[in-house]
Amino acid sequence: MDKATPKDLFQANRNRAAPLLKQLRADGIGHMIDGKIVPSISGDSFETKSPVDGAVLATVARGGAEDIDRAATAAALAFRSWRDMPPAMRKKLLHRVADAIEDRADDIAVLECIDTGQAHRFMAKAAIRAAENFRFFADKCAEARDGLNTPSEEHWNISTRVPIGPVGVITPWNTPFMLSTWKIAPALAAGCTVVHKPAEWSPITADLLAKLVKQAGVPDGVLNTVHGIGEEAGKALTEHPAIKAIGFVGESATGSAIMAQGAPTLKRVHFELGGKNPVIVFDDADLDRALDAVVFMIYSLNGERCTSSSRLLVQDSIAEKFIEKLTARVKALKVGHPLDPATEIGPLIHERHLAKVCAYFDVARKDGAVIAVGGKTHDGPGGGHYVQPTLVTGAHAKMRVAQEEVFGPFLTVIPFRDEKDAVEIANGVQYGLTGYVWTGDMGRALRVADALEAGMIWLNSENVRHLPTPFGGMKSSGIGRDGGDYSFDFYMETKHVSLARGTHKIQKLGSPSS
Ligand code: NAD
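This is a predicted model, so every value here is computed, not measured. (Residues numbered from 1 in each chain as written. Predicted model: local features only at pLDDT ≥ 70, side-chain atom pairs only at ≥ 80, totals over all residues. Heavy atoms only, no water.)

> Quick question: what am I supposed to make of the UniProt feature "active site" (unreviewed entry) in the protein chain here?
This chain's UniProt record puts "active site" (unreviewed entry) on E272. For E272, a relative accessible area of 5% corresponds to the buried category. Those residues within four positions of E272 in sequence are excluded, and the remaining contacts are W182, K183, F248, V249, G250, F471, S477 and D482. (UniProt positions renumbered as here; feature names shortened; annotations may be inferred. Buried < 20%, exposed > 50% of the residue type's maximum accessible area, 1.4 Å probe, protein only. Contact = heavy atoms within 4.5 Å.)

And the structure:
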């Protein structure tokens, strides 16, 4: 048989999406509360629209405080039996969730593309990564409770960990399926029950996840999903007294709001927030590999990626040549329909987000920077929220385009003199999520890694995730770490237990001998 052409694959993706979208339009999306799909108590709903052509994809239940209350109550009721389920059984169920995700991987990929505008080449593996999240944490179910033995002279001291209780998980719209599983899988493995509030701009695969978790046999009430607006359903979740902790991924300003909202009920919070991440290219680097990584880390996933390297810091001595090559690559990027396998950049998720990204074209010009490539919307198939991949040069470190998160295919280039200068510029922003360093000098690579104010550093590499490693940011980029055992630190309470070894002396207050 002849090999399928990109055109065939594009058609195959459309054919796969069509019946799924038809079903969604017919059924709409409800909340999953205590194992049942239900509308909002108020009867309110909102529409989710395609970034490709603005067509309504589904009518979605718009949750409010009373729906959150129902979901939190269900999560609280389910907590005890989920917590006490033998870890081997929980492990089996979470592996079954992974199986269910893998079975629907191709459906999840096309739905994610249509709901978010992300290109299929990046979404094709999103479900597989999500399944890996479940498998990785499934295998850790038993060890989640492990603690330490720290004996002292008179006591055996042991610590153990217990799940904190029902938790809230609030997620954003960029790669929503993979990101949701990254938070939900460790919570469930720890023995917590969950109320998930997915982003209102991308509800479709969150609905599918809730159904797959139920289909896998996870008991009712263990994962509840309430759709709705951040300031309504999201806010109510952060304020609910039965919810013991909030795992949140989103903007830094929303993180601040959640911290304030959760304060009266003393919520534990875990924040994965925004970034303005530097990629630093020194003149002794492997410049071809550096160029590939620079382009990939800002123009993949539409630049809607918290770990994107949105600031290129390039050494003076090579800046001109490097920018010349970069310019050619950015000009050649393929903007197109998200289901087209040839597409490198799809439409941005929402007209409001498109407007935000486009506003930075004027910001760049007003600041006196140069838009070397792009700087306009793009007339793409379906007439949706397409934007030209944009490269801004002639910038300096204090400009808004060098300071603020654009969250689009938008790269700002800032030249630097030497190592000290590079580190100063890299650290001169409010964010501190990731940093990327390209150099042939390993001593320098380690010095710079040590000096950068960021939670994650890659040396001579783009961002490659490894699930046991800590994921999270410093400064305005976050609080806490996910990954491996770090996730359990958040979803569990550490409990100290001390047993007297013998009959050590106890003070006898109130007795004649005291
Ligand atoms: P957002 O903060 O606007 O929304 C995220 C979620 O919070 C949504 O579900 C939203 O409904 C909810 N929300 C909004 N206001 C709320 C409130 N007052 N109370 C409770 N919930 C509320 O973020 P976004 O625009 O959806 O996502 C983009 C942002 O996410 C970017 O800043 C990006 O850098 C960040 N992000 C960070 C990471 C990371 O790991 N650090 C990963 C992905 C995205």
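> Any chance you could explain the nonpolar core here in plain terms?
When a protein is soluble and globular, its nonpolar side chains tend to lie buried together. Among the nonpolar cores identified, the biggest contains 102 residues, and I101, F134, V281, Y299, L312 and L326 are the most heavily contacted of them. Examining the composition of this core, we find that nine residues originate from one element, helix 7 (residues 176–190), more than from any other. Two domains each donate at least three residues to this core, and these are domain 1 (11–143 + 150–273 + 477–496) and domain 2 (278–459). The contact partners of Y299, leaving out residues within four places of it in the chain, are V330, L333, E344, I345, P389, T390, L391, P409, F410 and L411. (Core = buried A, V, L, I, M, F, W, Y, C linked by side-chain atoms within 4.5 Å. Helix = DSSP H or I, 4+ residues; strand = E, 2+ residues; numbered from the N terminus. Domains from an automatic or database assignment.)

> Looking at this structure, how should I read the site of the ligand?
Close to the ligand lie 29 residues, the nearest being K197, E200, T254, L273 and E405. Note that an oxygen atom of the ligand is positioned 2.7 Å from one of the side-chain N or O atoms of K197. E272 has a polar side-chain atom sitting 2.9 Å from an oxygen atom of the ligand. Taken together, the elements giving at least two residues each to the shell around the ligand come down to helix 9 (230–239), strand 9 (245–249) and helix 10 (252–262). Looking at which element gives the most residues to the shell around the ligand, the answer is helix 9, with four residues. Grouping the amino acids of the shell around the ligand by side-chain chemistry returns 14 nonpolar, eight polar and seven charged. When residues of the shell around the ligand are assigned to domains, at least three fall in each of domain 1 (11–143 + 150–273 + 477–496) and domain 2 (278–459). (Near = heavy atom within 4 Å. Polar contact = N/O pair within 3.5 Å; in protein donor to acceptor, adjacent residues only side chain to side chain. Nonpolar A, V, L, I, M, F, W, Y, C, P; charged D, E, K, R; others polar.)

> In this structure, what is going on with the domain arrangement of the protein chain? I would like to understand it.
By a widely used convention, the size of an interface equals the accessible area lost when the partners come together. Each assigned domain of the protein chain is listed with its residue range as follows: domain 1 (11–143 + 150–273 + 477–496) and domain 2 (278–459). Computed from C-alpha coordinates alone, the two centres of domain 1 and domain 2 are separated by 30 Å. The partner domain 2 presents 32 residues to the 28 residues of domain 1 that form the contact. Interface area, domain 1 with domain 2, both sides summed: about 2400 Å², of which 61% is carbon and sulfur. Together, V52, W201 and S477 form the three largest contributors to the area buried by domain 1 at its contact with domain 2, with a combined 25%. Taken together, the links from domain 1 to domain 2 amount to zero salt bridges. Among the elements of the structure, helix 1 (6–27), helix 4 (105–116) and helix 5 (120–123) are those that each provide at least two residues to the side of domain 1 that touches domain 2. No other element matches the five residues that helix 4 contributes to the side of domain 1 that touches domain 2. Classifying every residue of the side of domain 1 that touches domain 2 gives 12 nonpolar, 11 polar and five charged. (Buried area = accessible area lost by both parts, 1.4 Å probe. Salt bridge = Lys/Arg side-chain N within 4 Å of Asp/Glu carboxyl O.)

> How should the side chain of S487 be read in this particular structure?
Residue position: S487 is located in helix 16 (residues 484–491). Residue S487 is classed as buried on the basis of its relative accessible area, which comes to 0%. Residues in contact with S487, not counting those within four places in the same chain, are F137, P186, R481 and D482.

> Sorry if this is basic, but what is going on with unusual backbone geometry here?
Excluding glycine, residues mostly carry a negative phi; peptide bonds, for their part, are mostly trans. Within the chain, L266 stands out as a residue other than glycine whose phi angle is a positive 50 degrees. Mapped onto the elements, L266 comes out in the loop between helix 10 and strand 10 (268–272). The phi angle at L301 is positive, at roughly 50 degrees, despite the residue not being glycine. Here L301 lies in the loop between helix 11 (287–299) and strand 12 (311–315).

> Explain the packing of aromatic side chains to me, please; I cannot follow it from the model alone.
Two numbers describe a pair of aromatic rings. These are the distance of the centres and the angle of the planes. Per the counting criterion, the structure on display carries 13 aromatic pairs. Centroid distance F137 to W182: 6.3 Å. Interplanar angle 55 degrees. Geometry classified as tilted. Of the two residues, F137 is situated in helix 6 (residues 126–138) and W182 in helix 7; the sequence distance between them amounts to 45 residues. In this structure, F137 and W182 share a single accessibility class: buried. Ring geometry for W182 against F471: centres 6.0 Å apart, planes inclined by 80 degrees, an arrangement best described as edge-to-face. Residue W182 is located in helix 7, and its partner F471 is located in the loop between strand 18 (456–459) and strand 19 (474–475); the two are separated by 289 residues in the primary sequence. Note on accessibility: W182 and F471 belong to one class, buried. Among the aromatic residues, ring-to-ring pairing joins F136, F137, W182, F471 and F488 into one connected group. Taking the ring centre of F282 as reference, the NZ or CZ of R444 above it sits at 4.0 Å. Across from the ring centre of W156, 4.4 Å away, lies the NZ or CZ of R501, which sits over that ring. (Phe/Tyr/Trp six-rings, centres within 6.5 Å; stacked < 30°, edge-to-face > 60°. Lys NZ or Arg CZ within 6 Å of the ring centre and 35° of its normal.)

> I tried to follow the UniProt feature "domain: Aldehyde dehydrogenase" (unreviewed entry) in the protein chain on my own but got confused; where do I start?
This chain's UniProt record puts "domain: Aldehyde dehydrogenase" (unreviewed entry) on residues 42–497. The annotated region residues 42–497 carries 41% helix and 19% strand content, and the separation between its end C-alpha atoms amounts to 47 Å.

> Is there a simple way to explain helix 4 in this structure?
Three- or four-residue spacings in an α-helix give side chains the same orientation, since the helix completes a turn every 3.6 residues. For helix 4, which comprises 12 residues, the first-to-last C-alpha distance of 16 Å matches the rise-based estimate of 16 Å (1.5 Å per residue) to within 8%. One or two steps after helix 4, the chain reaches G117, where phi turns positive at roughly 85 degrees. (Expected span 1.5 Å × (residues − 1).)

> How should I be thinking about the packing of helix 3 (residues 87–103) against helix 7 in this particular structure?
Packed helix pairs are characterised by how far apart their axes lie and by the angle those axes make with each other. Running from amino to carboxyl end, helix 3 crosses helix 7 at an angle of 165 degrees, the nearest separation of the two axes being 10 Å. With respect to helix 7, the element helix 3 is oriented roughly antiparallel. Note that helix 3 runs across helix 7; the crossing there is right-handed. Along the contact surface, helix 3 presents R90, L94 and I101, while helix 7 presents F177, A185, L188, A189 and A190. In the contact of helix 3 with helix 7, the residues fall into seven nonpolar, no polar and one charged. (Axes fitted to C-alpha atoms, helices over the stretch in contact; angles between N-to-C directions. Parallel < 35°, antiparallel > 145°, perpendicular 65-115°, else oblique. Left-handed = near helix turned anticlockwise from the far one by under 90°.)

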